[in-house]
Amino acid sequence: MTDLLSRIEPVLRRADAGRPPGWITGALAGAVAGCAGVLACGGLAVLAWLAGTGGTVADALRAGGVGWLLALGSGLDVPGAHVGVVPWGLTAVVLSAAWWGGRWAWSVSGGGPRSIAEIGSAAGAAYAVVATVVALLVSTPTLTVSMPRLVPTAFVLSGSVAAAGAARAGGIDRVWQARLPIDVRSAGHGAIRGLGALGAVASLVLAASLLGHLGQLRQLLSTLHLGVPGGLLLLLGCLLVAPNAVLLTISVLLGPGLVLGVGTSVSLTSVQLGAVPAVPWFAALPQTAPPPALVAVLLALPLCCGVAAGVWAMRAHPVDGYARACLRGALAGALAGVCAGIAMAASGGSLGPGRMAAFGPHLWAVLAAPALLALGGVAGGAATRLAARL
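Because the structure is a prediction, the values reported are computed rather than measured. (Residues numbered from 1 in each chain as written. Predicted model: local features only at pLDDT ≥ 70, side-chain atom pairs only at ≥ 80, totals over all residues. Heavy atoms only, no water.)

## Remarks on the overall build of the protein
Helix and strand counts for the protein come out as 14 helices and six strands. In terms of overall dimensions, the protein has a C-alpha envelope of 80 × 70 × 35 Å along the principal axes. In the protein, which comprises 390 residues, the proportion classed as buried is 40%. Taking all contacts inside the protein whose residues are at least 6 apart in sequence as the whole, residues at least 24 apart take part in 74%. For the protein, the exposed area adds up to about 18900 Å²; of that, 73% sits on carbon and sulfur atoms. Across the protein, the centroid of the 20 positively charged side chains sits 9 Å from that of the 9 negatively charged ones. (Helix = DSSP H or I, 4+ residues; strand = E, 2+ residues; numbered from the N terminus. Buried < 20%, exposed > 50% of the residue type's maximum accessible area, 1.4 Å probe, protein only. Contact = heavy atoms within 4.5 Å. Areas by Shrake-Rupley, 256 points an atom, 1.4 Å probe, with all protein chains shown as cover. Lys, Arg positive; Asp, Glu negative; His and termini not counted. Charge placed at Lys NZ, Arg CZ, Asp CG, Glu CD.)

Have a look at this one:
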């Protein structure tokens, strides 16, 4: 056996020596992922152009590039306004290519933490180059992209996702997680569950409101005069911005609500509707504020999601003592609230000049998310510790 291993070892060393370094495979993965995202968005824009009227193929391709840049969070400058809304569904789609690219890069290069860093850095740099080229191609005298914002954003987003994919493929992420303090690991475990619960609850509320306003939805769709191809593209577009609709619903559940342009706002206590964009999701907007009993129920939903975060944090790694249980639950709830707040902040901004200069969740909703979910996390942690004593 020893003789056999001594013969195999030089072969394995030569095989490892023949592997390309991580920065080569990472750069290739980043470039391919970026180009794939641009082609996908451009293809969808061309299909929309074929289903509609007006414009040219060049205009459709430019619109696809603009959508891809918005998905990266770059924002666009138009006369009199800065469009900064991030379509989260499209972001998830285009960045999934970077994730799989990172996994492929590690499968080819292998290695340890240093290789992960090389793959992430090279993938982010290549992705940023693709984003820069696309920004230059779609820019016009009336539409520009801020390069100081685009380049670092594209680099960090794509590089971190590619590095995460590579670390996952190599199992290194589990090693890193094991080195984290136990409180951080349990809080992260609970935060993921609490955030998932918050998204699920908001999705159910949104679906229920949409079903309750089917008449408004039919009226909105009838004004669009869509055929079968146009209807399918509209459905796809609604799916790509569905996370934004869920985030807007979360902002309403938190209390402060949202703004859909100057003169249009929705919260749990007041509803002021003006002209809203012709987006099917907005058919779910209520005409009047809900009754006080329903307001109390809706306000309790985010708090219950914070409770779930605290419970899951304690179930992952139980602790002795109510003080530490409450602290762990608070950390889990606060972390879930911070993640939700960041996503809500990025889902709003400006959709253009004039009336649509204000759009998205209210600032107080972004700030209320960590506090409310942390409060629920304290209750969840304490309740779990009490249940363990009974």
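## A few points about helix 13 (residues 322–347)
With 26 residues, helix 13 extends 37 Å from end C-alpha to end C-alpha; this agrees with the ideal 38 Å at 1.5 Å per step. G349, located one to two residues past helix 13, shows a positive phi value of around 140°. (Expected span 1.5 Å × (residues − 1).)

## Points about the packing of helix 12 (residues 292–316) against helix 13
Running from N to C, helix 12 and helix 13 point in directions that differ by 120°, and their axes come no closer than 8 Å. Taken as axis vectors, helix 12 and helix 13 run oblique relative to one another. Like other packed secondary-structure pairs, helix 12 and helix 13 cross with a definite hand, here right-handed. Between helix 12 and helix 13, the residues in contact are A309, G310, A313 and M314 and A325, R328, G329, A332 and G333, respectively. In terms of residue class, the contact of helix 12 with helix 13 is built from five nonpolar, three polar and one charged. (Axes fitted to C-alpha atoms, helices over the stretch in contact; angles between N-to-C directions. Parallel < 35°, antiparallel > 145°, perpendicular 65-115°, else oblique. Left-handed = near helix turned anticlockwise from the far one by under 90°. Nonpolar A, V, L, I, M, F, W, Y, C, P; charged D, E, K, R; others polar.)

## Thoughts on helix 10 (residues 228–240)
The first and last C-alpha atoms of helix 10 sit 19 Å apart over 13 residues, in line with the 18 Å expected at 1.5 Å per residue. By the burial criterion, the buried members of helix 10 are G230, C238 and L240. Looking straight down helix 10, one finds its buried side chains confined to an arc of 155°; they lie on one side. Seen from the open side of helix 10, the exposed residues pointing more than 90 degrees away from its buried face are V228, P229, L232 and L239. Where helix 10 is buried, its residues contact helix 2 (22–51), helix 4 (88–109) and helix 11 (242–253). (Arc of directions from axis to C-beta.)

## Describing the nonpolar core
Ranked by size, the top nonpolar core spans 37 residues in total, and within it I250, L260, M344 and F359 carry the most contacts. For this core, the secondary structure elements donating two or more residues are helix 8 (182–212), helix 11, strand 3 (258–260), helix 12, helix 13 and helix 14 (363–389). At seven residues, the largest contribution of residues to this core is made by helix 11. Membership of the second largest hydrophobic core comes to 26 residues, among which are C41, L69, A71 and A154. (Core = buried A, V, L, I, M, F, W, Y, C linked by side-chain atoms within 4.5 Å.)

## Some points on the side chain of T91
One can find T91 in helix 4. A relative accessible area of 4% means that T91 is categorised as buried. When residues no more than four places from it in sequence are discounted, the contact partners of T91 are A71 and V86.

## Here's the deal with the sheet that holds strand 6 (residues 359–361)
Taken in spatial order, the four strands make up an open sheet running 5-4-3-6, and their pairing is antiparallel. The sheet is open, and its two edges are formed by strand 5 (271–272) and strand 6, each paired on a single side. Note that strand 4 (residues 265–266) and strand 5 share two bridges and pair antiparallel. Considered in strand 5, the bridge of S265 is made with Q272. (Pairing = 2+ DSSP bridges.)

## Some details on the pattern of salt bridges
Enumeration according to the criterion identifies six salt bridges in this entry. Two residues, D59 and R62, come together in a salt bridge whose shortest N-O distance is 3.5 Å. Of this pair, D59 and R62 are both found in helix 3 (residues 57–71), three residues apart, which corresponds to roughly one turn of the helix. A residue is classified by how much of its surface remains accessible, and D59, at 39% relative accessible area, is partly exposed. On the basis of relative accessible area, R62 is assigned to the partly exposed category, the value being 30%. A salt bridge links R168 to D173; the nearest nitrogen and oxygen atoms lie 3.1 Å apart. Looking at R168, the relative accessible area reads 37%, which means it is partly exposed. Among the residues examined, D173 registers a relative accessible area of 12% and is labelled buried. (Salt bridge = Lys/Arg side-chain N within 4 Å of Asp/Glu carboxyl O.)

## Observations regarding a nonpolar patch on the surface
There is a patch of nonpolar side chains on the surface, built from L44, L47, L50, V228, L232, L235, L236 and L239 and spanning about 750 Å² of accessible area. Mapped by element, the contributors of at least two residues to the nonpolar patch are helix 2 and helix 10. Considering every element that reaches the nonpolar patch, the biggest residue donor is helix 10, with five residues. Structurally, the position occupied by V228 is in helix 10. (Patch = residues over 30% accessible without salt bridge, like charges linked within 9 Å, V, L, I, M, F, W, Y side chains within 5 Å.)

## Some details on the environment of A131
Tracing the backbone through its elements, the reader meets A131 in helix 5 (residues 113–138). A C-alpha to C-alpha distance of 39 Å links A131 and Q216, two positions 85 residues apart in sequence.

## Re the packing of aromatic side chains
Taken as a whole and judged by the stated rule, the model has two aromatic pairs. Residue placement shows R385 over the ring face of Y322; its charged tip is 5.9 Å from the ring centre. (Phe/Tyr/Trp six-rings, centres within 6.5 Å; stacked < 30°, edge-to-face > 60°. Lys NZ or Arg CZ within 6 Å of the ring centre and 35° of its normal.)

## A look at the environment of S139
Residue placement: S139 occurs in the loop between helix 5 and helix 6 (147–170). Each C-alpha atom, one on S139 and one on L76, is 9.4 Å from the other, the two residues being 63 residues apart in sequence.

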